[in-house]
Number of protein chains: 2
Amino acid sequence: MEAIVQGGPVSRASISKQTGLSKQTISEIVRQLEIDGWVRETGRTSGHIGRTAVTYELVPDAAYIAAVDLGGTKVRVAIVDLTCQVFAEDVAPTDPRGGPAVVDQIVSMCFAAAKTQNIARDRIRLAVIGAPGAPDDRTGRILLAPNIAGLDTMNVAAALEKGFGFDVMLENDVNLAVLGENWLGQGQGIDNLAYIALGTGIGGGLMVGGNLVRGASHAAGELGFLPFGSDPFEPESLRSGAFERAVASGGIIERFRAATGKTLGVPAIFDLASEGDASALTVLDDTARLLARGIGAIAVVANPQKVILGGSIGLRPEILERVKTFLPQCFPYAIDVEASQLGARAAIIGAAAIGLGHLHNTLFGADTPDSRISLPPANTVTLREVAR
Amino acid sequence: MEAIVQGGPVSRASISKQTGLSKQTISEIVRQLEIDGWVRETGRTSGHIGRTAVTYELVPDAAYIAAVDLGGTKVRVAIVDLTCQVFAEDVAPTDPRGGPAVVDQIVSMCFAAAKTQNIARDRIRLAVIGAPGAPDDRTGRILLAPNIAGLDTMNVAAALEKGFGFDVMLENDVNLAVLGENWLGQGQGIDNLAYIALGTGIGGGLMVGGNLVRGASHAAGELGFLPFGSDPFEPESLRSGAFERAVASGGIIERFRAATGKTLGVPAIFDLASEGDASALTVLDDTARLLARGIGAIAVVANPQKVILGGSIGLRPEILERVKTFLPQCFPYAIDVEASQLGARAAIIGAAAIGLGHLHNTLFGADTPDSRISLPPANTVTLREVAR
DNA sequence: GTTATTTAGTTCGGTAACAGAACGAATTAA
DNA sequence: TTAATTCGTTCTGTTACCGAACTAAATAAC
């Protein structure tokens, strides 16, 4: 029934052709789905030779998914239906107490958002939570997430499932971002895709052969520890990452301070650069050179077709244009690099992607030939803002 | 029928338990395989309560595979049976004319090796060729292989299939090596595995989630272009790789020459180091530090559980012990690093692995849930040398 | 030695997930 | 109006399994 998910109104004969299954088989399956309430008739085709066909579509509000992007400073939630239409969305500062307080915050924000649209709680079937660090499937803990207290000492997944009353999936937030780009962003249709989030820190998400790369201990993409930018053998590099020290906002501020004696924030340094300040321009150049090298390192290992930049610094056009200048100077073949158009919403969209794929699979018993996520195509999806 | 492949003599009831299929289904399948000549009875179980069972095994010589490791200087071929027993093996210098001459050389070496064991040509069902560079599935060419002339201007796959008279598969040689390690080497049972071949040059093979990483243009693993070791913005680095210039044999020789004024080959430098020569020891230390950083870079992107070192330099114990010292100094968490025990044979074994997996799949119509290769377990496999 | 228990293997009849063939239904084209 | 095309249903069939029941053949217990 991927054919119904994959397209808008569709006839049974059309599904038969797309899937190679016989018309009688498709008729039977669609009959059952209609009885169960998952699909409905939308009308008939017209304007072509031959008998007109009855068209069917997925019933969008048969179920909803809660998508959450949990960050060290903010938490963003959204309620989406089976066609990924966003019915409710909210952003709030992350509860600084961490642990159970954050769990409670997530649950109540989701249910509050649903309530603003009169979506009953029992229509929400699944929640997907993107969080910094490495979610541990076996223990339900979130490891390597120093920005939020208490998540590595409790079973976050179980607590969320208890609070929500339905299934919860945890995933790294940058991994969700690359999924979101792959689904609705500039990474559509690309099986080998990298995403770099550069801001206060730096992290990466990677898809290889259409699959997310998590790694043996879910530590893939910890780009801050690339062994260049500063001396990787220094103790400070072991703690916070040789590359992150140099390329993220702290490194930018430090390089500007070393050149000018002044301590400014990153936005102010970008402002000075746009006014032609020589030191600021040099700092941006050095940042972009480092980022180009980081992109080269990813390309050497995994050969992505495209690299998408996100994060407060990664989204800056000044950085992208410089990276495009420097990358060909330090890497032997062309790599497509773009700034994310989804921006801060990439992870939410990725969460919705995982949730929809999971829900579709469990509802329709789909047996995908690999672990690729099967989703509606981008042109059937609308992202509708709602007033908060 | 993976159960038969996966174990030695096995009873139908045992297969039924392993696979969850019913006894009657298994009986029927085994009957058909026996009729077709793929399996045969080996005897009966004994010494347990209940009826004794008839045991079956794969008929090893029902088919053979030709495994080939094509390098710039040598070509190594092997003929293996369905249990990966090596019946014939040969090594020869690669024909320097390249192109069609190399194709002819491969074909004739394989058939000659088979003839030494009286294996009829029509018993060989498949050839797997590992070559440097990037095999292009669409055109049958091998790109990025400067060491062997003419492979990027002809359809190598088609020429080999014409010469052999059966199917041919092409794959990158380092990718085959990591597969070999994953199957019969120290990477057994590891889904996230990296292999580094360091000698005249450097290359990497990577498995993520049990799958080979080839990348968008099959350029994954070109470790020579990691952006450190030397300045990646220098034109020479763009040509031959900033990292490769520094860490491979050319870089070792150059660093020793710069320190001593003498030009020696790599083996001689290692000899001097074992005699306590301070400059030679420093050169080895620097090489290992660079290699440790390279391992760190792979770990940052893909988080492998283990890294296996191969190649003439990578196999040196002096390098491994230094890498183990330096890696914890520049990377925040432990990575298991080992020197390959398969050594120069890793790629041949990987070729046999791919060939066997492919053959098993086509013969038994196996529908694996993902693209993992299904192979006999290591303990049923013998690598038997034959006199040449 | 006989009986009880356990495990292997076969037979019989059945289900689920499809499919080919045929044909009626409903539209446009000639 | 007829011909051609496409949709959808009915009827019958195939394949890849399965449960239930039973026979066969071994060890364990008495």
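Shown above is the structure to which this text applies.
What counts and what doesn't
- Residues numbered from 1 in each chain as written.
- Chains lettered and ligands numbered in written order.
- Predicted model: local features only at pLDDT ≥ 70, side-chain atom pairs only at ≥ 80, totals over all residues.
- Heavy atoms only, no water.
- Near = heavy atom within 4 Å.
- Polar contact = N/O pair within 3.5 Å; in protein donor to acceptor, adjacent residues only side chain to side chain.
- Helix = DSSP H or I, 4+ residues; strand = E, 2+ residues; numbered from the N terminus.
- Nonpolar A, V, L, I, M, F, W, Y, C, P; charged D, E, K, R; others polar.
- Pairing = 2+ DSSP bridges.
- Axes fitted to C-alpha atoms, helices over the stretch in contact; angles between N-to-C directions.
- Contact = heavy atoms within 4.5 Å.
- Buried < 20%, exposed > 50% of the residue type's maximum accessible area, 1.4 Å probe, protein only.

*Asks:* Would you explain the protein's contact with DNA strand D in this entry?
*Replies:* Close to DNA strand D lie 22 residues, the nearest being Lys23, Ser27 and Val54 of chain A together with Ser22 and Gln24 of chain B. Of everything in DNA strand D that lies within 4 Å of the protein, sugar and phosphate atoms constitute 63%. Taking Ser22 of chain B, its main chain carries an N or O atom lying 2.5 Å from a phosphate oxygen of DNA strand D. When residues of the surface near DNA strand D are traced back to their parent elements, those giving at least two are helix 2 (12-19) and helix 3 (23-36) of chain A together with helix 3 (23-36) of chain B.

*Asks:* Would you mind showing me how to read the protein's contact with DNA strand C here?
*Replies:* Around DNA strand C sit 22 residues in total, of which Ser22 and Gln24 of chain A together with Ser27, Gly50 and Val54 of chain B are the nearest. The sugar-phosphate portion of DNA strand C accounts for 62% of its atoms within 4 Å of the protein, the bases making up the rest. A distance of 3.1 Å separates a base oxygen of DNA strand C from a polar backbone atom of Gly50 of chain A. Taking Arg12 of chain B, its side chain carries an N or O atom lying 3.2 Å from a phosphate oxygen of DNA strand C. If you list the elements that add at least two residues to the surface near DNA strand C, you get helix 3 of chain A together with helix 2 (12-19) and helix 3 of chain B. Of the residues contributing to the surface near DNA strand C, the split by class is six nonpolar, eleven polar and five charged.

*Asks:* In this structure, what is going on with the sheet that holds strand 10 (residues 167-172) of chain B? I would like to understand it.
*Replies:* Sheets are built from strands that pair by backbone hydrogen bonding, the pairs being arranged parallel or antiparallel. Residue and element names in this part refer to chain B. A sheet is described by the order of its strands in space; here five strands give the open sequence 6-5-4-7-10, paired in mixed fashion. Pairing within the sheet leaves two strands with one partner each, and these edge strands are strand 6 (86-93) and strand 10. Across this sheet, the average inter-strand angle for adjacent strands is 15°, counted without regard to direction. As paired strands, strand 5 (residues 74-81) and strand 6 are joined by seven bridges and run antiparallel to one another. Looking at strand 6, one finds that Val80 is bridged to Val86. This element, helix 5 (residues 156-164), spans strand 7 (124-131) and strand 10 of the sheet and lies at about 140° to strand 10. The strands touched by helix 6 (residues 173-184) are strand 4 (64-70), strand 7 and strand 10; relative to strand 10, the strand with the most contacts, the crossing angle is about 95°.

*Asks:* For this particular structure, what's the right way to read the pairing of strand 3 (residues 54-58) of chain B?
*Replies:* Each regular strand displays side chains that alternate between the two surfaces of the sheet. Residues and elements named next belong to chain B. Among the five residues that make up strand 3, four are buried, leaving the element largely enclosed by the rest of the structure. Across two bridges, the pairing between strand 1 (residues 10-11) and strand 3 is antiparallel. In the sheet register, Ser11 faces strand 3, and the bridge partner there is Thr55.

Taken by themselves, the reported measurements are silent on function.
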